[in-house]
Amino acid sequence: MKLWDQELLYGTHYPFAISIYDLMIITEILDNSDDFIKYLLERINLNQTQEISSHGDEIDFLGYFLKHGTLSKTSDLPKSGEVMIYGYTSDIEKYYSYLQGKIEYVEKPVRHKTQTEIIREKLEKGILSKNNPCWCGSRKKYKHCCGRQLF
């Protein structure tokens, strides 16, 4: 597109483009509209920041998103240098092999919640209080320890 019309795109960032088949898989797997919107927003942001890159497989990004609940860097990725993700498609491939009748039953992959989402849910349900002792063993109140980023 840049070669076609210089006025159309500015800078070095290209727009987020996706195959219609990859989009079909994403919408089938992420049937919850909140998860779908979260994925799209994080994916667009990732394209702009280029914090993580892939070998060109959008389904690797989806698999990473399902496993970690986010497209942000997690502790299993290198801290510096170009960060490539790959190998996150296997659960999705197994699910589609099951749908095609090639293998026995496999559950549909789902997005795991982030630690922050789990804690917020517990706080909302009253299971956890910000004034409880922190479960990390520090003997501080949760809000002054592991819950700092939430309060």
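Here we summarise the structure given alongside this text. Predicted model, so just to flag it, every value in this text is computed and none were measured.

## Some words on the packing of aromatic side chains
Consideration 1: One pass over the structure, following the stated rule, counts four aromatic pairs.
Consideration 2: Pairing Tyr39 with Phe65 gives two aromatic rings, centres 5.1 Å apart and planes at 70°, and the pair type is edge-to-face. Taken together, the positions of Tyr39 in helix H2 (residues 33-49) and Phe65 in helix H3 (residues 58-68) put the pair 26 residues apart, joining distant regions of the chain.
Consideration 3: Aromatic pair Tyr95 and Tyr96: ring centres 5.5 Å apart, planes at 80°, arrangement edge-to-face.
Consideration 4: Overall, Tyr95 belongs to the buried group, its relative accessible area being 13%.
Consideration 5: Note on Tyr96: relative accessible area 19%, which makes it buried.
Consideration 6: Here the basic side chain of Arg43 rests over the ring of Phe61, its NZ or CZ set 4.0 Å away from the ring centre.

Cut-off values and rules
- Residues numbered from 1 in each chain as written.
- Predicted model: local features only at pLDDT ≥ 70, side-chain atom pairs only at ≥ 80, totals over all residues.
- Heavy atoms only, no water.
- Phe/Tyr/Trp six-rings, centres within 6.5 Å; stacked < 30°, edge-to-face > 60°.
- Helix = DSSP H or I, 4+ residues; strand = E, 2+ residues; numbered from the N terminus.
- Buried < 20%, exposed > 50% of the residue type's maximum accessible area, 1.4 Å probe, protein only.
- Lys NZ or Arg CZ within 6 Å of the ring centre and 35° of its normal.

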